[in-house]
Amino acid sequence: MKKATKAFFPDIPKIQYEGPNSRNPLAFKHYNPDEVVEGKTMKEHLRFSVTYWHTIRGQLADMFGVGTALRPWEDGTNSMKMAETRVRVAFEFLEKLGAPFYAFHDRDVAPEGRNLRETNRNLDAIVKILKQEQQRTGVKLLWGTACLFAHPRYVHGAATSCNADVFAYAAAQVKKAIEVTHELKGEGYVFWGGREGYSTLWNTDLKREMEHLARFLHLAVDHKKAIGFKGQFYIEPKPKEPTKHQYDSDAAACLNFLREYDLLKDFKLNLETNHATLAGHTMQHEMEVAIAAGALGSIDANTGDLLLGWDTDQFPTNIYLTTEIMLSILHMGGFTTGGTNFDAKVRRESFEPVDLFYAHIGGMDAFARGLKIAAAIRKDGRLAEFIRQRYASWDTGIGAKIESGKASFKDLEAYMLKRGDITPNTSGRQELLENIINEFI
Ligand code: XLS
Ligand code: NI
Ligand code: NI
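**Things to note about the coordination of the nickel ion (ligand 3)**
- Binding of the nickel ion (ligand 3) to the protein goes through Glu-272 (OE), His-275 (NE2) and Asp-311 (OD), at separations of 2.1 to 2.4 Å.
- Sequence positions of the donors to the nickel ion (ligand 3) reduce to the motif E-x2-H-x35-D.

**Observations concerning empty space enclosed by the protein**
- Within the structure shown, the criterion is met by three cavities of 30 Å³ or more.
- Of the voids in this model, the largest cavity is the one considered here, and its volume is about 230 Å³.
- In terms of lining, the largest cavity is formed by 22 residues, of which the most central are Phe-191, Trp-192, Gly-193, Glu-196 and Leu-213.
- Every element with two or more residues in the lining of the largest cavity is listed here: strand E8 (188-191), helix H7 (206-227) and helix H8 (251-260).
- Among the residues forming the lining of the largest cavity, the class breakdown is 16 nonpolar, three polar and three charged.

**Regarding the site of ligand 1**
- Around ligand 1, the surrounding shell consists of Trp-53, His-105, Trp-143, Trp-192, Glu-236, Lys-238, Glu-272, His-275, Asp-300, Asp-311 and Asp-343.
- Measuring from an oxygen atom of ligand 1, one finds a side-chain N or O atom of Glu-236 at 2.7 Å.
- Contacts to ligand 1 include Lys-238, whose side-chain N or O atom sits 2.8 Å from an oxygen atom.
- Expressed as a share of its isolated accessible area of 290 Å², the protein-covered part of ligand 1 is 93%.
- One can see that ligand 1 is located within the largest pocket.

**A word on the side chain of Glu-236**
- Residue position: Glu-236 is located in the loop between strand E10 (232-235) and strand E11 (245-246).
- No salt bridge is formed by the buried Glu-236; its nearest oppositely charged neighbour, Lys-238, is found at 7.0 Å.
- Here the side chain of Glu-236 touches Asn-270 through a polar contact of 2.9 Å, side chain to side chain.
- Leaving out residues up to four positions away in the same chain, Glu-236 has contacts with Trp-143, Val-190, Phe-191, Trp-192, Asp-248, Asn-270, Glu-272, His-275, Asp-300 and Asp-343.

**Looking at the environment of Phe-104**
- Topologically, Phe-104 is positioned in strand E6 (residues 101-105).
- Sequence spacing of Phe-104 and Gln-430 is 326 residues, and the spatial spacing of their C-alpha atoms is 41 Å.
- Not counting residues within four places of it along the chain, the set of residues in contact with Phe-104 comprises Tyr-52, Trp-53, Val-109, Leu-130, Leu-141, Trp-143, Gly-144, Thr-145 and Leu-184.

**Thoughts on the layout of surface pockets**
- Of the voids in this model, the largest pocket is the one considered here, and its volume is about 1500 Å³.
- Around the largest pocket, the lining is made up of 41 residues, and of these His-54, Ala-61, Asp-311, Asp-313 and Lys-345 lie nearest the centre.
- Elements that contribute at least two residues to the lining of the largest pocket include exactly helix H2 (52-56), helix H4 (106-109) and strand E7 (140-145).
- Classifying every residue of the lining of the largest pocket by side-chain character gives 15 nonpolar, eight polar and 18 charged.
- Approximately 930 Å³ is the volume attributed to the second largest pocket.
- Among the secondary structure elements, those contributing two or more residues to the lining of the second largest pocket are helix H10 (283-292), helix H11 (319-332), helix H12 (353-380), helix H13 (382-390) and helix H16 (430-440).

**What to know about the coordination of the nickel ion (ligand 2)**
- Binding of the nickel ion (ligand 2) to the protein goes through Glu-236 (OE), Glu-272 (OE), Asp-300 (OD) and Asp-343 (OD), at separations of 2.0 to 2.1 Å.
- One can describe the site at the nickel ion (ligand 2) as octahedral: its six donor atoms subtend angles covering 80 to 177° at the metal.
- Donor residues for the nickel ion (ligand 2) sit on one chain with the sequence pattern E-x35-E-x27-D-x42-D.
- Between the two metals, the nickel ion (ligand 2) and the nickel ion (ligand 3), the spacing is 3.9 Å, and Glu-272 donates to both. A residue pair is termed long-range when its members are at least 10 positions apart, and Glu-236 in the loop between E10 and E11 and Glu-272 in strand E12 (residues 267-272) qualify at 36 residues. Side by side, Glu-236 and Glu-272 carry an identical accessibility label, which is buried.

**Brief notes about the packing of H10 against H11**
- H11 packs onto H10 with a crossing angle of 10° between their chain directions and a minimal axis gap of 9 Å. It follows that H10 is roughly parallel to H11 by the angle criterion. Residues Met-283, Gln-284, Met-287, Glu-288 and Ile-291 of H10 pack against Leu-321, Glu-324, Ile-325, Ser-328, Ile-329 and Met-332 of H11.
- Grouping the amino acids of the contact of H10 with H11 by side-chain chemistry returns seven nonpolar, two polar and two charged.

**Here's the deal with the side chain of Thr-243**
- Summarising the element assignment, Thr-243 is placed in the loop between E10 and E11.
- Sequence-distant contacts of Thr-243, defined by excluding residues within four places in its chain, comprise Arg-195, Gly-197, Tyr-198 and Ser-199.

**Some thoughts on the nonpolar core**
- One finds Tyr-102 and Leu-130 to be the most contacted residues of the largest nonpolar core, which totals 110 residues.
- Ranked by residue count, the leading element in this core is H12, at 14 residues.
- By size, the runner-up hydrophobic cluster in this structure holds ten residues, among which are Ala-103, Leu-142, Cys-147 and Phe-149.

Procedures and definitions
- Residues numbered from 1 in each chain as written.
- Chains lettered and ligands numbered in written order.
- Predicted model: local features only at pLDDT ≥ 70, side-chain atom pairs only at ≥ 80, totals over all residues.
- Heavy atoms only, no water.
- Donors = N, O, S within 2.8 Å, 3.2 Å for Na, K, Ca; no water.
- 1 Å grid on protein atoms, 1.4 Å probe; cavity = no way out; pocket = protein on both sides within 12 Å on 5 of 7 lines; lining within 4 Å.
- Points joined across faces, edges and corners; volume = space filled by probe spheres on them.
- Helix = DSSP H or I, 4+ residues; strand = E, 2+ residues; numbered from the N terminus.
- Nonpolar A, V, L, I, M, F, W, Y, C, P; charged D, E, K, R; others polar.
- Near = heavy atom within 4 Å.
- Polar contact = N/O pair within 3.5 Å; in protein donor to acceptor, adjacent residues only side chain to side chain.
- Areas by Shrake-Rupley, 256 points an atom, 1.4 Å probe, with all protein chains shown as cover.
- Sits in = over half its atoms within 2 Å of the grid points.
- Buried < 20%, exposed > 50% of the residue type's maximum accessible area, 1.4 Å probe, protein only.
- Lys, Arg positive; Asp, Glu negative; His and termini not counted.
- Salt bridge = Lys/Arg side-chain N within 4 Å of Asp/Glu carboxyl O.
- Contact = heavy atoms within 4.5 Å.
- Tetrahedral: all angles 85-135°; square planar, octahedral: opposite > 155°, others 65-115°.
- Axes fitted to C-alpha atoms, helices over the stretch in contact; angles between N-to-C directions.
- Parallel < 35°, antiparallel > 145°, perpendicular 65-115°, else oblique.
- Core = buried A, V, L, I, M, F, W, Y, C linked by side-chain atoms within 4.5 Å.

None of this, on its own, says anything about what the molecule does.
Structure (structure tokens):
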């Protein structure tokens, strides 16, 4: 083991790739940043990102109990001094882990002041330090966002609040958050509608709230253009939590919303596995829906517990899941501004600092395996060839005529009257295909 350095994780060395036979729990077995897969390095494919809110700010509290996390550097306050210390903690963590990106909410990094002016000043002071640390380490900002859900002012929502002053406050907050993301050269900016939804329709003007949300996003696009921020805007779907019904419930609902309000050209989706599960979908489904619309931007990598009906934000370790995800990503042609952001937290029972390393190492290795397996499945080609053949009737003859818009209902009736009838002639072969996938896992 290499000698560990620095203040906050004194016993943890820089995490190295040691290969599949290593038994060192603080080493990568599969994530080899410089290894080339399908023409790009793993680092370039996967674009791993660490979340400030879970990894640096998460105290591991739940509905029934206070936080259990042991974080020796915390002094129990939310002071500016503490905020500065946390930046050092974050970047030591990022450096030792070897993650190229991070993501944050404005309020994760700097505390609120007595009013908006003071709050903005706090944020500016911390952004300066974030910038220095980014320059020192080469770590980049995958995306920034604004916390529009924790403070009591957002009890009825932010952009969809019944109170116009709250909309105005949220607008001011997001304006600033986009500006600091720009300042830090963030590659994107996320809108997750924390409390943009409702708990009961008895007190809610749904149409008016949706229009307000659209107005808010248009204003954000206008401001982005005004300041010359080139990063990608994303919407992050989630069906429930904290509200019973969120307006950004799943990929299809978000796409429809963006299309209805003429926002689709300015937004892509940031998809999260646990949110897909809560929406009653698989992550694979959500990804394919977004990809079909040309709107998959980034992913929040985590997983839920199928026995628990809430957003448990666990680290992803299931190789089937990561294989499915990476098949879709490779099929799409890879990330551009997006990445694999670990919106995940260690369990309340895993309260030591070293658990943060085990968790991320496991997630990164699971995705590296998913990437290698997906590339092998693609190289083998049987899966793609099966799908190609399954749709072969569309490539020529009547199928090609229909697809090119050259056949009317009348033509199709005439065609079928001549043919008489058809019988199903190809099996779906689900079991065979599942067996093929398993050959690679
Ligand atoms: C909550 C969301 C949130 C977003 C960022 O469930 O996943 O963490 O990713 O606001
Ligand atoms: Ni998320
Ligand atoms: Ni989530």
